[in-house]
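# Observations on chain architecture
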Amino acid sequence: MAYKINASACTACGACEQECPNDAIYEKNGLFAIKADGCTECIGHYDDPQCIAACPADCIVVDKSVPRYQA
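Fair warning: this is a prediction, and the values are worked out from it, not measured in the lab.

Let us now look at the pairing of strand β2 (residues 25-28). In the sheet, β2 pairs with strand β3 (residues 31-34) via 4 bridges, with the strands oriented antiparallel. If you follow Y26 over to β3, its bridge partner there is A33. Linkage of β2 to β3, two consecutive antiparallel strands, is achieved through a turn of 2 residues, within which N29 is found at a positive phi near 55 degrees.

Rendered as structure tokens:
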């Protein structure tokens, strides 16, 4: 499953964008969003999703509407 950013909790700090190895996180209207088709959950790069580890607001959640990434 890809991840998504809860916009109402996002502080727009940008910490997640810098950590994404796939450039799937981008700024939109002053907040950040994740391109579901670009999110690999960091599989093949790291053991754990780096955006979640970097987010100080804990606003990144699983997007259950998107199938789990298959490497």
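Following the structure, the description resumes.
Attention shifts here to the state of the cysteines. Formally, a disulfide is one covalent bond, and it connects the sulfur atom of one cysteine to the sulfur atom of another. Scanning the entire structure with this criterion turns up 0 disulfides. For C10, which is in no disulfide, the shortest distance to another cysteine sulfur is to C59 and amounts to 4.6 Å. Here C10 falls in the buried class, since its relative accessible area comes to 14%. A disulfide-free cysteine, C59 has its sulfur positioned 3.7 Å from the sulfur of C55, the nearest such atom. A relative accessible area of 4% means that C59 is categorised as buried.

Calculation criteria
Residues numbered from 1 in each chain as written. Predicted model: local features only at pLDDT ≥ 70, side-chain atom pairs only at ≥ 80, totals over all residues. Heavy atoms only, no water. Pairing = 2+ DSSP bridges. Helix = DSSP H or I, 4+ residues; strand = E, 2+ residues; numbered from the N terminus. Disulfide = S-S within 2.5 Å. Buried < 20%, exposed > 50% of the residue type's maximum accessible area, 1.4 Å probe, protein only.

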